[in-house]
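Each chain is listed here by its residues.
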Amino acid sequence: MRVWLRTAVACALLAVGWSGSAAAQDANYECDKKFVFFPGGPQGGAFASIVYNGARLAEKQTGCNVEYVWSDWNPEQMVRQFSQAIGRNPDGIAVMGHPGEDALGPMIEKARERGIVVTTQNVALPKSESEYKTKGFGYVGAHNYSAGENLGKGILNRCDVEEGDVAFVWGLLGQEARGQRTKGVIDALKEGGVEIEYLEIADSVNKDPAQGIPTFASFLASNPDINIVVTDHGALTATLPSYLKAAGRSGEETCAAGFDLSAATVQGLQDGKIDLVLDQQPFLQGYLPIHQLYLTTKFGFAGMNIDTGAALITPQNVDAVADLADAAIR
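Note on numbering: residues in each chain are counted from 1, in written sequence order. Reporting of local features is limited, given that this is a predicted model, to residues whose pLDDT is at least 70; pairs of side-chain atoms are given and counted only at 80 or more, and all residues count toward the totals for whole chains, interfaces and linings. Side-chain numbers here rest on the full set of heavy atoms in the structure, without hydrogens or water.

The chain is annotated in an unreviewed UniProt entry as Periplasmic binding protein domain-containing protein from Rhodovibrio salinarum. Note on the chain: under the UniProt heading Subcellular location (unreviewed entry), the record states "Cell envelope". UniProt positions are given in the numbering used here, feature names are shortened, and annotations may be inferred rather than shown by experiment. The chain has a UniProt comment under Sequence similarities (unreviewed entry) that states "Belongs to the bacterial solute-binding protein 2 family."

Take a look at the structure:
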């Protein structure tokens, strides 16, 4: 893999005018940089672990020194940890954008003043990216609103939705940037004539989805007309079969949809407990930001913006990625 990386970097350098094939072959590609990387969730969490696996592969390929900071999907915790990371003066930081521009913007400016390269994954920070793109500020992840909208439209198409159907959307509208994905789901469903019952995901459930089982069961018991369930959270989506069982619901009477693959989510799709998942390929959200920091700190490359949220996974096509999900790659 190191040979591939050297070849790719050499080709890129030539493309931007770094002439001389002999010089490219003799260049020093070793990495003596230190980075801080945010996988986002709790250590061992379904989604965060796949992000971490991608980052670890990139760390191995580049040879850079990477410190990992786990945040339990808590925006306030991410802000504190980001400030602490700046204080350690790494060469680069790859941060999740969940806290939003208002919270992270001033600290990104502080990091840049110290010469620290910053890039983002999972939740975009468009204003900061626009300002610092030439200095390596990129984004790897789904474009949140369109990802939510795509899932919502997929539900309308797949679940034989009729006007007047009722959907329970368990999401994160309260988070400035991250909430755009929830908004996309709701807007698409409303456009199709679906009525929405909404609940914000509590911090405790954000960290540990199993704690949401009583909440889910109680909410559906109080709203018996619900026939569509959407969980805007990868770990909650993986827990959907348990939620539905606790609520006494079967896959036949409730269309269940959410985001992100994991071994548990694949099993839910194969068992007919989950109907539709948008896969935002979290492995890439770990892998590519490390390469972004490496390429910027080593060679001065600008930021890349890569949309990873392209695939809708159903029981009909899940087998193609089942083994990769089991290996925590997809």
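On we go.
Novice: What exactly am I supposed to notice about the overall build of the chain here?
Specialist: The helix and strand tally for the chain stands at 15 helices and 12 strands. Its C-alpha atoms give the chain a radius of gyration of 21 Å, near enough to 20 Å, the size a compact globule of 330 residues would have. Evaluated residue by residue, the chain yields a buried proportion of 56% over its 330 residues. In what follows, a contact means two residues having at least one pair of non-hydrogen atoms within 4.5 Å. Summarising the internal contacts of the chain: among those between residues at least 6 apart in sequence, 75% fall at separations of at least 24. Accessible surface, the chain: about 13700 Å² in total, of which carbon and sulfur atoms supply 48%. Working convention for charge: Lys and Arg count positive, Asp and Glu count negative, and His plus the chain ends are omitted. Taken as the charge centre is NZ of Lys, CZ of Arg, CG of Asp or CD of Glu, depending on the residue. Side-chain charges in the chain split into 26 positive and 39 negative, and the spacing between the mean points of these groups amounts to 10 Å. Strands are runs of DSSP state E lasting at least 2 residues, helices are runs of H or I lasting at least 4, and numbering of each runs from the N terminus. The atom set for the radius of gyration is the C-alpha atoms, and the globule formula is 2.2 Å times the number of residues raised to the power 0.38. Relative accessibility decides the category of a residue: with a 1.4 Å probe and only protein chains considered, values under 20% of the type maximum give buried, values over 50% give exposed, and everything between is partly exposed. For every accessible area listed, the method is Shrake-Rupley and the probe measures 1.4 Å; residues are considered covered only by the protein chains on display.

Novice: Would you mind showing me how to read the sheet that holds strand S6 (residues 166-171) here?
Specialist: To summarise the sheet geometry, strands pair through backbone hydrogen bonds and adopt either a parallel or an antiparallel arrangement. Two strands are counted as paired when DSSP detects at least two bridges linking them. Sheet architecture is open: 6 strands sit in the order S7-S6-S8-S9-S10-S12, paired in mixed fashion. Pairing within the sheet leaves two strands with one partner each, and these edge strands are strand S7 (195-200) and strand S12 (311-313). Pairwise comparison of adjacent strand axes, ignoring direction, gives a mean angle of 20° for this sheet. Pairing geometry for S6 and strand S8 (residues 226-231), over 5 bridges, is parallel. Paired with Ala167 across the strands is Ile228, a residue of S8. Here, axes are lines fitted to C-alpha atoms. For helices the fit covers the stretch in contact, and angles between N-to-C directions go from 0 to 180 degrees.

Novice: What should I look at first to understand helix H15 (residues 319-326) in this one?
Specialist: All buried positions along H15 are accounted for by Val321, Ala322 and Ala325. Along the long axis of H15, the arc covered by the buried residues comes to 130°, so they all point the same way. Opposite its buried face, H15 presents the exposed residues Ala320 and Asp323, each directed more than 90 degrees away. In this fold, the buried residues of H15 make contact with helix H13 (263-270). Downstream of H15 by one or two residues, Ala328 has phi in the positive range, about 60°. Within this analysis, the arc is defined by the directions that extend from the helix axis to the C-beta atoms.

Novice: What should I look at first to understand the environment of Leu276 in this one?
Specialist: The residue Leu276 is located in strand S10 (residues 276-279) in this model. Residues Leu276 and Ala257, spaced 19 residues apart in sequence, show a C-alpha to C-alpha distance of 4.8 Å.

Novice: Is there a simple way to explain the UniProt feature "domain: Periplasmic binding protein" (unreviewed entry) in the chain in this structure?
Specialist: Residues annotated by UniProt as "domain: Periplasmic binding protein" (unreviewed entry) correspond here to residues 43-294. Secondary structure across residues 43-294 comprises 50% helix and 17% strand; the distance between its end C-alpha atoms is 24 Å.

Novice: What exactly am I supposed to notice about the sheet that holds strand S3 (residues 92-96) here?
Specialist: Taken in spatial order, the 6 strands of this open sheet run S2-S1-S3-S4-S5-S11, and their pairing is parallel. The sheet is open, and its two edges are formed by strand S2 (65-68) and strand S11 (305-307), each paired on a single side. When the angles between neighbouring strand axes are averaged without regard to direction, this sheet yields 15°. Examined bridge by bridge, strand S1 (residues 34-37) and S2 share 4 bridges and lie parallel to one another.

Novice: Would you mind showing me how to read the layout of surface pockets here?
Specialist: The rolling of a water-molecule-sized probe over the atoms marks out the regions of remaining empty space. Space inside the largest pocket adds up to approximately 240 Å³. As defined here, a cavity is a set of points on a 1 Å grid over the protein atoms alone where a 1.4 Å probe fits but cannot get out. A pocket is an open set with protein on both sides within 12 Å along at least five of seven lines, and residues line them when an atom is within 4 Å of a point. Around the largest pocket, the lining is made up of 23 residues, and of these Phe47, Trp73, His233, Gly234 and Ala235 lie nearest the centre. When contributions to the lining of the largest pocket are tallied by element, the ones reaching two or more residues are helix H3 (46-62), helix H9 (203-207) and helix H11 (234-238). In terms of residues, the lining of the largest pocket owes the most to one element, H3, which gives 3 residues. Taken together, the residues of the lining of the largest pocket break down into 9 nonpolar, 9 polar and 5 charged. Grid points are joined across faces, edges and corners, and a volume is the space filled by probe spheres set on the points. Note on residue categories: nonpolar means Ala, Val, Leu, Ile, Met, Phe, Trp, Tyr, Cys or Pro, charged means Asp, Glu, Lys or Arg, and polar means any other residue, Gly included.

Novice: What exactly am I supposed to notice about the packing of aromatic side chains here?
Specialist: The way to describe two aromatic rings as a pair is by their centre distance and the angle between their planes. Each Phe, Tyr or Trp ring (for Trp, its six-membered ring) is paired with any other whose centre lies within 6.5 Å, and the angle between the two planes then decides the class: stacked below 30 degrees, edge-to-face above 60, tilted in between. Overall, the coordinates contain 14 aromatic pairs when judged by the stated rule. Ring plane angle 45° and centroid distance 5.8 Å describe the contact between Phe168 and Phe216, whose orientation is recorded as tilted. Taken together, the residues span a long stretch of sequence, with Phe168 in strand S6 and Phe216 in helix H10 (residues 213-222) at a distance of 48 residues. Residue classification places Phe216 among the buried positions, given a relative accessible area of 0%. A centroid spacing of 6.5 Å and a plane angle of 75° characterise the contact between Phe299 and Phe301, whose relative ring orientation is edge-to-face.

Novice: How should I be thinking about the pairing of strand S9 (residues 255-259) in this particular structure?
Specialist: Sheet faces and side chains relate simply in a regular strand, where the side chains alternate between the two faces. Counting buried positions along S9 gives 5 out of 5 residues, so the element sits mostly inside the fold. Here S9 shows two buried faces, one formed by Cys255, Ala257 and Phe259 and the other by Ala256 and Gly258. Pairing of S8 with S9 involves 4 bridges; the strand directions are parallel. Its bridge partner lying in S9, Ile228 is registered against Cys255. For S9 and S10, the ladder comprises 3 bridges, and the chain directions are parallel. Counterpart to Gly258 in the pairing with S10 is Val277. Handedness of a crossover: with both strands directed away from the viewer, a clockwise path from the first strand across the helix to the second marks it as right-handed. Since S9 and S10 lie parallel, the crossover through H13 that links them has a hand, and here it is right-handed.

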